[in-house]
Amino acid sequence: MENVTHQTVRLCPIVIIGMGMSPDDLTAVHLRLIAEADILVGGCRHLSLFKDRIPETYEVTADLKGLVAMIQGCHPEKRIVVLASGDPLYYGIGAYLARSLGRENVRVYPNVTSVAAAFARMGEPWQDARVVSLHGRRQEEKLRQALRTADRIAVFTDPTCTPQWLGNFLQQDHALDFQIGVFEHMGSADEQVSWHTTESIADKDFNTPNMVVLKRLQETHSTASVLHLGMPESAYDHERGLITKAEVRAVSLARLNLMPRQILWDLGAGSGAVSIEASLLVPGGQIWAVEKDPVRVEQIRTNRDRFGITNLDVIESVLPRGLSTLPDPDRVFIGGGGGALAETIEIVCRRLPAAGVLVVNTVLMDSLHDTLGRLRSNGLETDVVQIQVSRSQPLADSDRLKAMNPVWIIQGHRAGPV
């Protein structure tokens, strides 16, 4: 349950009003509430519009705790109105004040968000757009995930994470198929909208505040360029047949129970397809792909760079050598171990934490039997799924189903829920 410091319900709730993009977005109701305020709270830019008409004003700074203390120290009958940019509850101050003062003590009046305004300038819907805030926070991994999975991304900037910084980030992340739209001073007489490439934006200067919309170039977009779970095998460089099939890959990733900020080992990584799709499920985490064949190692690196994966390291090593230098894993996938499978499982079991999960794929009955024995002798509970996939293929005027090899997906974990 959320901790709150407030004790009583105020006689006059704190009114939090979204300013939208400009004072023109304020309604008659908003203006009446502002005119009736005993104390008007807001940034310097907002207060300058009303400070001659309000008995008392309070300028918001980075000291939000001080703002809360000031409000809590006021008489409960004081009418306090807080002005917020855009919409107060959309990456705004509204959520913080509601948590700090108690939701029963605030009344929020929403307005147009800068994201809605930017897409309105573009004349495009934004219900499927991803939003990433870099304003006062560093969320590079969330941005990378959005670049891999979305065609349109709205980005809140700040004096550090500027549009130029974003252009450089896109270049380093190999996300070169995006236009960069910069929306400056929206709602003001100085509003400007301009579009740039990752190269052309480097020598530009922009007014603040601004926000950015990243829009994927449709002519370069293809179904293989945006990473998702269950990618077709054709999306990856691989040796013929030496890749975890899409359906098996999806089930294996589900059995791993991946979570943000975890460390994953992908042992006998082959083409790296499991590692690459796992990156979608471990934002802020780290993936180590271990593969002995130098040709496949290069294929993993090629696939990694193709999709702009930055949290995947590739180790060329014969298992189980090379594992001693890696950090302890939270999750381990073994798609290939050759003759060292048993020894590799022993080492993994010693390195796994109490909440760790190991998943092994095999098509061999002897490996199924040996793997279960090793896991159980190391105190792990086991669970086995056999997956048999058949894919349609054209035949005459219809289709037939072609069966693929059945695969056992073996999960090992410590006692308790997974």
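Residues numbered from 1 in each chain as written. Predicted model: local features only at pLDDT ≥ 70, side-chain atom pairs only at ≥ 80, totals over all residues. Heavy atoms only, no water.

Draft legend 1. View of the packing of aromatic side chains. Taken as a whole and judged by the stated rule, the model has seven aromatic pairs. An angle of 80 degrees between the planes, with centres 6.2 Å apart, marks the rings of phenylalanine 183 and tryptophan 195 as edge-to-face. Of this pair, phenylalanine 183 sits in strand E8 (residues 178–184) while tryptophan 195 sits in strand E9 (residues 192–196), placing them 12 residues apart in sequence. Their ring planes at 55 degrees and their centres at 5.8 Å tell us that tyrosine 236 and phenylalanine 307 sit as a pair that is tilted. Of this pair, tyrosine 236 sits in the loop between strand E10 (210–216) and helix H8 (246–256) while phenylalanine 307 is found in the loop between helix H10 (294–306) and strand E13 (312–316), placing the two residues 71 residues apart along the sequence. (Phe/Tyr/Trp six-rings, centres within 6.5 Å; stacked < 30°, edge-to-face > 60°. Helix = DSSP H or I, 4+ residues; strand = E, 2+ residues; numbered from the N terminus.)

Draft legend 2. Highlighting the pairing of strand E7 (residues 152–156). For E7, the buried fraction is high: five of the five residues fall into the buried class. Sheet topology places strand E6 (residues 130–133) next to E7; four bridges connect them, and they run parallel. Looking at E7, one finds that valine 132 is bridged to valine 155. The handedness of the E6 to E7 crossover, carried by helix H6 (residues 140–149), is right-handed. Sheet topology note: the E7/E10 ladder contains five bridges and is antiparallel. Bridging from a neighbouring strand, alanine 154 pairs with valine 213 of E10. (Buried < 20%, exposed > 50% of the residue type's maximum accessible area, 1.4 Å probe, protein only. Pairing = 2+ DSSP bridges. Right-handed = clockwise from strand over helix to strand, strands pointing away.)

Draft legend 3. Fine view of the nonpolar core. Ranked by size, the top nonpolar core spans 33 residues in total, and within it Leu227, Tyr236, Leu256, Leu258, Ile276, Phe307 and Leu312 carry the most contacts. If you list the elements that add at least two residues to this core, you get H8, helix H9 (273–278), strand E12 (286–291), H10, E13, strand E15 (357–362) and strand E19 (407–413). Looking at this core element by element, the count peaks at four residues for H9. (Core = buried A, V, L, I, M, F, W, Y, C linked by side-chain atoms within 4.5 Å.)

Draft legend 4. Structural detail: the environment of threonine 382. With respect to the helices and strands, the residue threonine 382 is situated in strand E16 (residues 381–387). Spatially, the C-alpha atoms of threonine 382 and proline 294 are 33 Å apart, while their sequence positions differ by 88 residues. Once residues lying within four places of it in the same chain are set aside, the contact partners of threonine 382 are Leu372, Leu375, Arg376 and Gln411. Among the polar contacts made by the side chain of threonine 382, one reaches the side chain of arginine 376 at a distance of 3.0 Å. (Contact = heavy atoms within 4.5 Å. Polar contact = N/O pair within 3.5 Å; in protein donor to acceptor, adjacent residues only side chain to side chain.)

Draft legend 5. Expanded view of the sheet that holds E15. Strand order in this open sheet of seven strands is E13-E12-E11-E14-E15-E19-E16, and the pairing throughout is mixed. Each edge of the open sheet is held by one strand with a lone partner, namely E13 and E16. Across this sheet, the average inter-strand angle for adjacent strands is 15 degrees, counted without regard to direction. Alignment of strand E14 (residues 331–334) against E15, held across four bridges, turns out to be parallel. Opposite arginine 331, over in E15, you have valine 357 as the bridge partner. Contacts from H10 reach E12 and E13 within the one sheet, and its direction differs from that of E13 by about 170 degrees. (Axes fitted to C-alpha atoms, helices over the stretch in contact; angles between N-to-C directions.)

Draft legend 6. How the structure looks around unusual backbone geometry. Omega for the peptide link from threonine 208 to proline 209 comes to 0 degrees, which places this bond in the cis form. Topologically, proline 209 is positioned in the loop between E9 and E10. The omega torsion across leucine 319 and proline 320 is 0 degrees, close enough to zero to call that bond cis. Along the polypeptide, proline 320 turns up in the loop between E13 and E14. For histidine 185, which is not glycine, the phi torsion reads 50 degrees and is therefore positive. For histidine 185, the location among the structural elements is in the loop between E8 and E9. Even without being a glycine, asparagine 257 presents a positive backbone phi close to 55 degrees. Among the structural elements, asparagine 257 can be located in the loop between H8 and strand E11 (263–267). Given a relative accessible area of 24%, asparagine 257 falls into the partly exposed group.

Draft legend 7. How the structure looks around the packing of helix H11 (residues 341–351) against helix H12 (residues 365–377). Between H11 and H12, whose axes approach to 10 Å, the crossing angle comes to 25 degrees. When the axis of H11 is compared with that of H12, the two are roughly parallel. For the pair H11 and H12, the sense of crossing is right-handed. Residues Leu341, Ala342, Ile345, Glu346 and Cys349 of H11 lie in contact with H12, whose contacting residues are Ser367, Thr371, Arg374, Leu375 and Ser377. For the contact of H11 with H12, the class distribution of residues is five nonpolar, three polar and two charged. (Parallel < 35°, antiparallel > 145°, perpendicular 65-115°, else oblique. Left-handed = near helix turned anticlockwise from the far one by under 90°. Nonpolar A, V, L, I, M, F, W, Y, C, P; charged D, E, K, R; others polar.)

Draft legend 8. Expanded view of the sheet that holds E10. Ordered by their spatial adjacency, five strands build an open sheet running E6-E7-E10-E8-E9, and the pairing between neighbours is mixed. The open sheet is flanked by E6 and E9, the only strands paired with a single partner. Each neighbouring strand pair of the sheet contributes to a mean axis angle of 20 degrees, computed without reference to strand direction. Here helix H5 (residues 114–122) sits on the sheet in contact with E6, E7, E8, E9 and E10, set at roughly 55 degrees to E10.

Draft legend 9. Fine view of the state of the cysteines. Applying the stated rule across the entire model yields zero disulfides. Left unpaired, cysteine 74 is separated from the closest cysteine sulfur, that of cysteine 12, by 12 Å. (Disulfide = S-S within 2.5 Å.)

Draft legend 10. Spatial organisation of the environment of threonine 208. Along the chain, threonine 208 falls in the loop between E9 and E10. Judged by relative accessible area, threonine 208 falls into the exposed class, the value being 54%. For the pair formed by threonine 208 and serine 324, sequence separation is 116 residues and the distance between their alpha carbons is 49 Å.

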